[in-house]
Amino acid sequence: EDQVTQSPEALRLQEGESSSLNCSYTVSGLRGLFWYRQDPGKGPEFLFTLYSAGEEKEKERLKATLTKKESFLHITAPKPEDSATYLCAVLPGFGGGTASKLTFGTGTRLQVTL
Amino acid sequence: DTEVTQTPKHLVMGMTNKKSLKCEQHMGHRAMYWYKQKAKKPPELMFVYSYEKLSINESVPSRFSPECPNSSLLNLHLHALQPEDSALYLCASSQETSGNTGELFFGEGSRLTVL
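What you see is a predicted model; the values in this text were computed from it and never measured.

*Asks:* Would you take a moment to explain the sheet that holds strand 7 (residues 64-70) of chain B for this structure?
*Replies:* Backbone-to-backbone hydrogen bonds join strands into a sheet, with any given pair of strands oriented parallel or antiparallel. Residue and element names in this part refer to chain B. The four strands lie next to each other as 1-3-8-7, forming an open sheet whose pairing is antiparallel. Every other strand in the sheet has two partners, leaving strand 1 (4-7) and strand 7 as the edge strands with one partner each. Across the sheet, the mean angle separating the axes of adjacent strands is 20 degrees when strand polarity is ignored. In terms of strand pairing, strand 3 (residues 18-25) meets strand 8 (residues 73-79) through seven bridges, oriented antiparallel.

*Asks:* Teacher, can you tell me more about the state of the cysteines here?
*Replies:* A disulfide bridge is the covalent bond that connects two cysteines by way of their sulfur atoms. Residues and elements named next belong to chain A. Applying the stated criterion to the full structure yields two disulfides over all chains. The disulfide partner of Cys23 is Cys88, and the S-S distance across this bridge is 1.9 Å. Of note, the bridge from Cys23 to Cys88 carries an S-S torsion of about -55 degrees and is left-handed in sense. Residue Cys23 is located in strand 3 (residues 19-26), and its partner Cys88 is located in strand 9 (residues 84-92); the two are separated by 65 residues in the primary sequence. Here Cys23 and Cys88 have matching classes, each one buried.

*Asks:* Could you clarify how one ought to interpret the interface of chain A and chain B in this entry?
*Replies:* Where interface size is quoted, it is often the accessible area lost as the parts come together. Across the contact, 22 residues belong to chain A and 20 residues belong to chain B. Per-residue buried area on chain A facing chain B is highest for A:Pro44, A:Lys101 and A:Phe104; these three make up 25% of the total on that side. For the interface between chain A and chain B, the tally reads zero salt bridges. Among the secondary structure elements, those contributing two or more residues to the side of chain A that touches chain B are strand 4 (30-38), strand 5 (45-50) and strand 9 of chain A. Counting residues per element, the side of chain A that touches chain B draws most heavily on strand 4 of chain A, which supplies four residues. Split by residue class, the side of chain A that touches chain B holds eleven nonpolar, seven polar and four charged.

*Asks:* Would you explain the nonpolar core in this entry?
*Replies:* When a protein is soluble and globular, its nonpolar side chains tend to lie buried together. Counting 23 residues, the largest nonpolar core has A:Leu33, A:Trp35, A:Leu73 and A:Tyr86 as the members making the most contacts within it. Elements with a contribution of two residues or more to this core: strand 2 (10-14), strand 3, strand 4, strand 5, strand 7 (62-66), strand 8 (70-75), strand 9 and strand 11 (108-113) of chain A. The leading source of residues in this core is strand 9 of chain A, at four residues. Setting aside chain neighbours within four positions, we find A:Leu33 in contact with A:Cys23, A:Tyr25, A:Phe48, A:Thr49, A:Leu50, A:Leu66, A:Ser71, A:Cys88, A:Ala89 and A:Val90. Counting residues in hydrophobic clusters, the runner-up holds 22 residues, among them B:Trp34, B:Cys91, B:Leu112 and B:Val114.

*Asks:* Quick question: what am I supposed to make of the side chain of B:Ser94 here?
*Replies:* Residues and elements named next belong to chain B. The residue Ser94 is located in strand 9 (residues 87-94) in this model. Since its relative accessible area comes to 0%, Ser94 is described here as buried. Those residues in contact with Ser94 that sit more than four places away from it in its chain are His29, Arg30, Ala31, Tyr33, Thr101, Glu103 and Leu104.

*Asks:* What am I meant to see in the sheet that holds strand 3 of chain A here?
*Replies:* All names here are of chain A. The strand order across the open sheet built from five strands is 1-3-8-7-6, with neighbouring strands paired in antiparallel fashion. Two strands close off the open sheet at either side, each with one partner strand: strand 1 (3-7) and strand 6 (56-59). Taken over all neighbouring pairs, the strand axes of this sheet differ in orientation by 15 degrees on average, direction set aside. Direction of pairing for strand 7 relative to strand 8: antiparallel, over a ladder of five bridges. Paired with Leu66 across the strands is Ser71, a residue of strand 8.

How each quantity is defined
- Residues numbered from 1 in each chain as written.
- Chains lettered and ligands numbered in written order.
- Predicted model: local features only at pLDDT ≥ 70, side-chain atom pairs only at ≥ 80, totals over all residues.
- Heavy atoms only, no water.
- Pairing = 2+ DSSP bridges.
- Helix = DSSP H or I, 4+ residues; strand = E, 2+ residues; numbered from the N terminus.
- Axes fitted to C-alpha atoms, helices over the stretch in contact; angles between N-to-C directions.
- Disulfide = S-S within 2.5 Å.
- Buried < 20%, exposed > 50% of the residue type's maximum accessible area, 1.4 Å probe, protein only.
- Contact = heavy atoms within 4.5 Å.
- Buried area = accessible area lost by both parts, 1.4 Å probe.
- Salt bridge = Lys/Arg side-chain N within 4 Å of Asp/Glu carboxyl O.
- Nonpolar A, V, L, I, M, F, W, Y, C, P; charged D, E, K, R; others polar.
- Core = buried A, V, L, I, M, F, W, Y, C linked by side-chain atoms within 4.5 Å.

Here's what the structure looks like:
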């Protein structure tokens, strides 16, 4: 069974205090790993797609990396507006003709304070 | 601003009511999705439409009835819901039409409360 585990569950940082969020996955044939940001009461906002180990993507203060077992979302010098829940999702490869389905982790709730 | 618009933003309904959630996207995407999300939980896939045809139904109870009138619109008709159906209902769209993608564009959601 495909599994996605995110840690920590919650993280509180001071403004400017860099850190990393972890997404560990077990999946049969990874087709892609995706990061989303979700503000309270809103829909997720797509951030990055990673396809293969060693790949990196950057956007402003965020950098996502991928290994064969996990992905990290590095946040450099965060600001209060970076406060949100960050969701990781994996798309498994095909198996026996069954349509693949995106599997989300439970997210990391990030709070950045002044 | 999101290009996937959902209405209403909030809905309160009794267990005997019939209501609908609406979703509209203006990105030219040909795949649209309904997800359900409970507090502090990840989104759960309910339905996928590809080229206006239902392609995935994740064994959702029949009290939820999806409809895709055209490539830009997606509805979710609600009837005889239970209090445990209270959740944030999210609409999403994607350029990829097979349903096998993780690059989804979500609306802001409709917060449903069933009394």
